Amino acid sequence: MNIYKSIGLACLLTYTFHAAPVQAVNTLPGHPFVDMVGSFAEDAVSFLYQQGFVSGVSDDSFGPNQAMNRKHFTLLLAQALGLQPVFPTEATFLDVPANLPEYGYIEAVHQLELMNGIGPQQFGADRPITRQDVAVILYKVLGNNENESSLHDGIIPYKDHKQIKPYAQEAVLYVTTKGIMTGSEDLFYPNKPITRAESAVLCQKIVKKMIERAASPEWFVFDKITLKPGESKEIKLQHTDVPIPFLHSWGLDHSEIGSISADGLFTAKQPGTAVISLNIGTKTYQIKVEVKEGEQP
């Protein structure tokens, strides 16, 4: 899966799950939700609430045991990953029209191949998202090829492992092995909807992991390229951990010098200097470009 796909940036949308934090009547640590005090997910909800990623089902209730549906989980996932919404001219899914608040985020997550629909042109926006489907998403976000190769012969340690669909088995094994998701009483409950509280815990893990990965400056094989007119050079990305699924976009300050494709291929046009910018999440990295006639140094 190539998760480095260029998607245009647009203004952020707002929706109930991502509303501005309400003023709490009761002063509680980091959040205003009386039904989260003492919960296993209280730290996660506080963290996401303070980031402006979540709000409650009412002013003082988070609704931790309520099932999370697919469109709401997609929005929270997109925010945890730092994704920007995208707005194609034609909606991909019939049940996710352009006037739906989650539309841009669902399109962005789908284009990154992190989530698919439930059928032809159907996203299943209002359907609860199951634990096994969440495991698949987490595997795509946090897994890597090395981990994949070591999982093929693994045994899923749950009594209900036969209920796990074939497409989710490797993912369930991965999130179990890494301690990202756990079952209870030797059961994984693959077809059970994930709750709002569980979603908060998982998305907090994603946010913290993305922050760690984005902090690394080692994105480029080189920080300067020198070419002659007509020549091209692919600007490769690298990371010592695993690729992160942030949307990224390329920029060039002098288009008369050359052009940069969505895949990072720079083509020189005429002599001069320019700077290529790469935006990943909230960070911007730059590569110097020099185009000149004659022999390269």
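Anything mentioned here points back to the structure above.
S.K.: Can you tell me about the packing of aromatic side chains, naming the residues and giving the values?
M.R.: Under the counting rule described, the total for this entry stands at six aromatic pairs. Between Phe87 and Tyr103, the ring centres sit 6.2 Å apart and the planes meet at 40°, which makes this aromatic pair tilted. Remark: Tyr103 occurs in helix H3 (residues 103–111) and Phe87 occurs in the loop between helix H2 (70–81) and H3; sequence separation between them is 16 residues. Centroid distance Phe93 to Phe123: 5.2 Å. Interplanar angle 50°. Geometry classified as tilted. Taken together, the residues Phe93 in the loop between H2 and H3 and Phe123 in the loop between H3 and helix H4 (131–142) connect sequence positions 30 residues apart. Its relative accessible area of 5% is what places Phe93 among the buried residues. What makes Phe123 buried here is its relative accessible area of 1%. Here a set of aromatic residues connected by ring pairs shows up, and it is made of Phe33, Tyr49 and Phe62. Sitting over the ring of Phe188, Arg131 keeps its end group 4.5 Å from the ring centre. Over the ring of Phe62 we find Arg196; its NZ or CZ atom is 4.3 Å from the centre of that ring.

S.K.: For the sheet that holds strand E5 (residues 265–268), give the residues involved together with the corresponding values.
M.R.: With respect to topology, three strands assemble into an open sheet ordered E2-E5-E4, the strand pairing being antiparallel. In this open sheet, the two strands that pair with only one neighbour each are strand E2 (232–234) and strand E4 (258–260). Ignoring strand direction, the axes of neighbouring strands in this sheet form an average angle of 15°. By the bridge criterion, three bridges tie E2 to E5 in an arrangement that is antiparallel. When the sheet's bridge partners are listed, Glu234 is paired in E5 with Leu265.

Reading the values: rules and limits
- Residues numbered from 1 in each chain as written.
- Predicted model: local features only at pLDDT ≥ 70, side-chain atom pairs only at ≥ 80, totals over all residues.
- Heavy atoms only, no water.
- Phe/Tyr/Trp six-rings, centres within 6.5 Å; stacked < 30°, edge-to-face > 60°.
- Helix = DSSP H or I, 4+ residues; strand = E, 2+ residues; numbered from the N terminus.
- Buried < 20%, exposed > 50% of the residue type's maximum accessible area, 1.4 Å probe, protein only.
- Lys NZ or Arg CZ within 6 Å of the ring centre and 35° of its normal.
- Pairing = 2+ DSSP bridges.
- Axes fitted to C-alpha atoms, helices over the stretch in contact; angles between N-to-C directions.

Limitation: the analysis is restricted to geometry and does not speak to function.
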